[in-house]
Amino acid sequence: MRNGFESACQHSGMDWPHDPDGEEGSEGGRKYGQAVIAKKVDEDEDFPLNKAAFVEEYGDHPIRLDSERIVSLSDIFEHVEGEEFDDFVELHKAVGKAMRENDFWFYEGAAQFVTGKKA
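So, how was this worked out
Residues numbered from 1 in each chain as written. Predicted model: local features only at pLDDT ≥ 70, side-chain atom pairs only at ≥ 80, totals over all residues. Heavy atoms only, no water. Patch = residues over 30% accessible without salt bridge, like charges linked within 9 Å, V, L, I, M, F, W, Y side chains within 5 Å. Areas by Shrake-Rupley, 256 points an atom, 1.4 Å probe, with all protein chains shown as cover. Salt bridge = Lys/Arg side-chain N within 4 Å of Asp/Glu carboxyl O. Lys, Arg positive; Asp, Glu negative; His and termini not counted. Charge placed at Lys NZ, Arg CZ, Asp CG, Glu CD. Helix = DSSP H or I, 4+ residues; strand = E, 2+ residues; numbered from the N terminus. 1 Å grid on protein atoms, 1.4 Å probe; cavity = no way out; pocket = protein on both sides within 12 Å on 5 of 7 lines; lining within 4 Å. Points joined across faces, edges and corners; volume = space filled by probe spheres on them. Nonpolar A, V, L, I, M, F, W, Y, C, P; charged D, E, K, R; others polar. Expected span 1.5 Å × (residues − 1). Buried < 20%, exposed > 50% of the residue type's maximum accessible area, 1.4 Å probe, protein only. Contact = heavy atoms within 4.5 Å. Polar contact = N/O pair within 3.5 Å; in protein donor to acceptor, adjacent residues only side chain to side chain. Arc of directions from axis to C-beta. Core = buried A, V, L, I, M, F, W, Y, C linked by side-chain atoms within 4.5 Å.

As for a negative patch on the surface
Together, D42, E43, D44, E45, E84, D86, D87 and E90 give the surface a local cluster of negative charge. Here D42 lies in the loop between α1 (34-38) and β1 (49-50).

Now the structure itself:
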């Protein structure tokens, strides 16, 4: 058992605020990466979204990347470019770009989508 949960296998010194595989996390492994982050955003209420405030609120939350890796939201957002996002699409593109460029994307071939591309 790590981080207080049976399946949390990353960040050995991290105390997650909720089970990475519970309903607030990956929903039992049904959601990974960006899908877990997207659940934390209310498209009608949260925009424009301030990155610093979002990380302040959710930075210590676990984001399951794949069946073996869990990182905190702040680990991902330290690579997200921009300080404020006007809508969900703008946020989603910036987060996706950061995840692909920094090995947070869990499928093979992600690198082909980042070379020379702007979010």
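Considering empty space enclosed by the protein
Tallying each qualifying case throughout the model produces one cavity of 30 Å³ or more. Computed from the structure, the largest cavity encloses a volume of approximately 60 Å³. Put simply, the parts of the chain that give the lining of the largest cavity at least two residues each are α1 and α4 (88-101). Of the residues belonging to the lining of the largest cavity, the class tally is five nonpolar, two polar and no charged.

With respect to α4
With 14 residues, α4 should reach 20 Å at 1.5 Å per residue; the first-to-last C-alpha distance of 20 Å fits that figure. Those residues of α4 not exposed but buried are F88, L91, A94, V95, G96, K97, A98 and M99. Elements that come into contact with the buried residues of α4 comprise α1, β1, α3 (73-77) and β4 (84-85). The backbone nitrogen of V89 lies 3.3 Å from a side-chain oxygen of the residue at the head of α4, namely D87. Among the residues trailing α4, D103 stands out with phi positive, at a value near 60°.

Considerations on the pattern of salt bridges
Scanning the model with the defined rule gives five salt bridges in all. When the shortest N-O distance is used, the salt bridge between K51 and E83 registers 3.8 Å. Remark: E83 occurs in the loop between α3 and β4 and K51 occurs in helix α2 (residues 51-58); sequence separation between them is 32 residues. By relative accessible area, K51 is classed as buried at 10%.

So, α2
What α2 keeps buried is the set K51, F54 and Y58. All buried residues of α2 project into a common sector of 65° when viewed along the axis, lining one side. Residues of α2 that are exposed and point more than 90 degrees away from the buried face comprise A52, E56 and E57.

Comments concerning the nonpolar core
Counting 23 residues, the largest nonpolar core has I37, F54, I76, F77, L91, V95 and M99 as its most contacted members. Elements that contribute at least two residues to this core include exactly α1, α2, α3 and α4. Per element, the largest residue contribution to this core is six residues, and it comes from α4. Setting aside chain neighbours within four positions, we find M99 in contact with G33, Q34, I37, L65, I76, F104 and W105.

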